[in-house]
Amino acid sequence: MTATPVSLDRRASLRLILSAAAVPLIAPHALAQTTPAAGPFALPPLGYAPEALEPHIDAMTMTIHHDRHHAAYVANANTLATQWPDLAKQPINSVLKALGTVPEAQRAGVRNNVGGHWNHTRFWDVMTPGGAKMPTGDVKAGIDGVFGDLPKFKEKMNAAALGRFGSGWAWLIVNKDGKFEVVSTANQDTPLELGAKAVLLGVDVWEHAYYLKYQNKRGDYLNAWWNTVNWDKVAGNLKAGV
Ligand code: MN3
């Protein structure tokens, strides 16, 4: 009978079609990680697999968030650098600490896009899998000294994150007086413009950070997010300052 070879051919063709289809599905992620940016700003690699934070943060959210949202901030920052070349001639922290020195035509763009690039870079890093699961050393001492203990600090941070109307961030910083403080910023504003001496930890509460898995339940996302915090990275941020 001829039915069998035809059926096998069909299966083989289907396999070929599927394997060909798999290439463009994989390629954009790989490209986003490795293609040099057309400009001074580059999307940093996530540093871990997009599924590495599951079940707390799902792979699809991480992929879209990093490869599309963060990538868009980087692309826009590169466009701004063509309009205002001084943007690329100074450290990013200096620009964000002194937004008043940015020409007015580019200021809002720099605030949103260079700010978004800085915020997300810090965010991916503090969620790096592994590391200490509890604060130790100077971070623990700072948290206990100002907030009482870790649970009370988490309450304060969650309140800042839940209280941010619309889009923005909640942060643990060392403020301009050298004291641990929880602050919230709107949109892609950074704690650098508040005069922070160190930015220890930040959580993105834009809906794009959690909507696929948690929908409108920002509190559930926050409770899950705490499981991803790498306290060794937090300690490194305290030591490094800004
Ligand atoms: Mn975001």
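All figures in this text were calculated on a predicted structure; none of them were measured in a lab.

Caption draft 1: Seen up close, the overall build of the chain. A tally of helices and strands in the chain yields nine helices and three strands. Each helix (α) and strand (β) of the chain, taken in turn from the N terminus, gives the series α-α-α-α-α-α-β-β-β-α-α-α. For the chain, the proportion of its 242 residues judged to be buried stands at 41%. As presented, the chain carries roughly 12,300 Å² of accessible surface, and 59% of it is formed by carbon and sulfur atoms.

Caption draft 2: The packing of helix H5 (residues 137-147) against helix H9 (residues 231-240), seen in detail. Between H5 and H9, the least distance of the axes is 8 Å, while the angle of their chain directions is 85°. Regarding the angle of H5 to H9, the classification is roughly perpendicular. Taken together, the residues of H9 that come into contact with H5 (itself represented by Asp138, Val139 and Ile143) are Trp231, Val234, Ala235 and Leu238.

Caption draft 3: Representation of the nonpolar core within the structure. If you look at the biggest cluster of nonpolar residues, it comprises 63 residues, and the most contacted ones within it are Phe153, Met157, Leu172, Leu201, Tyr221, Trp225 and Trp231. When near neighbours in sequence (up to four residues on either side) are disregarded, Trp231 contacts Ala132, Lys133, Met134, Pro135, Val139, Ile143, Leu150, Phe153, Leu201 and Trp226.

Caption draft 4: Representation of the environment of Gln106 within the structure. Tracing the chain through its elements places Gln106 in helix H4 (residues 104-126). Put simply, Gln106 and Gln83 are 23 residues apart on the chain and 7.8 Å apart in space, counted from C-alpha to C-alpha.

Caption draft 5: Looking closely at the coordination of the manganese ion. Around the manganese ion, the protein supplies His65 (NE2), His120 (NE2), Asp204 (OD) and His208 (NE2) as donor atoms, at distances of 2.0 to 2.2 Å. When the donor residues of the manganese ion are listed from N- to C-terminus, their spacing reads H-x54-H-x83-D-x3-H. With His120 in helix H4 and His208 in the loop between strand E3 (198-204) and helix H7 (211-214), this pair connects stretches of sequence that are 88 residues apart. Its relative accessible area of 0% is what places His120 among the buried residues.

Caption draft 6: A look at the sheet that holds E3. Spatial ordering of the open sheet is given by E2-E1-E3, a layout of three strands whose pairing is antiparallel. The outermost strands of the open sheet, each flanked by one partner alone, are strand E2 (180-186) and E3. Within this sheet the neighbouring strands show an average axis-to-axis angle of 25°, counted without direction. Sheet topology places strand E1 (residues 168-174) next to E3; six bridges connect them, and they run antiparallel. Of the residues in E3, the one forming a bridge with Trp171 is Gly202.

Caption draft 7: Just the pattern of salt bridges, in detail. Inspection of the entire model under this criterion finds six salt bridges. In this structure, Glu193 engages Arg111 in a salt bridge whose closest nitrogen and oxygen atoms are separated by 3.1 Å. Here Arg111 lies in helix H4 and Glu193 lies in the loop between E2 and E3, a separation of 82 residues in the sequence. Glu193 gets classed as partly exposed once you look at its relative accessible area, which sits at 31%. A salt bridge links Lys140 to Asp144, with the shortest nitrogen-to-oxygen separation between them at 2.7 Å. One end of the pair, Lys140, and the other, Asp144, are both in helix H5, four residues apart, so they sit about a helical turn from each other. Residue classification places Lys140 among the partly exposed positions, given a relative accessible area of 40%. Here the residues in one salt-bridge network are Arg111, Asp189 and Glu193, joined through shared partners.

Conventions we followed
Residues numbered from 1 in each chain as written. Predicted model: local features only at pLDDT ≥ 70, side-chain atom pairs only at ≥ 80, totals over all residues. Heavy atoms only, no water. Helix = DSSP H or I, 4+ residues; strand = E, 2+ residues; numbered from the N terminus. Buried < 20%, exposed > 50% of the residue type's maximum accessible area, 1.4 Å probe, protein only. Areas by Shrake-Rupley, 256 points an atom, 1.4 Å probe, with all protein chains shown as cover. Axes fitted to C-alpha atoms, helices over the stretch in contact; angles between N-to-C directions. Parallel < 35°, antiparallel > 145°, perpendicular 65-115°, else oblique. Contact = heavy atoms within 4.5 Å. Core = buried A, V, L, I, M, F, W, Y, C linked by side-chain atoms within 4.5 Å. Donors = N, O, S within 2.8 Å, 3.2 Å for Na, K, Ca; no water. Pairing = 2+ DSSP bridges. Salt bridge = Lys/Arg side-chain N within 4 Å of Asp/Glu carboxyl O.

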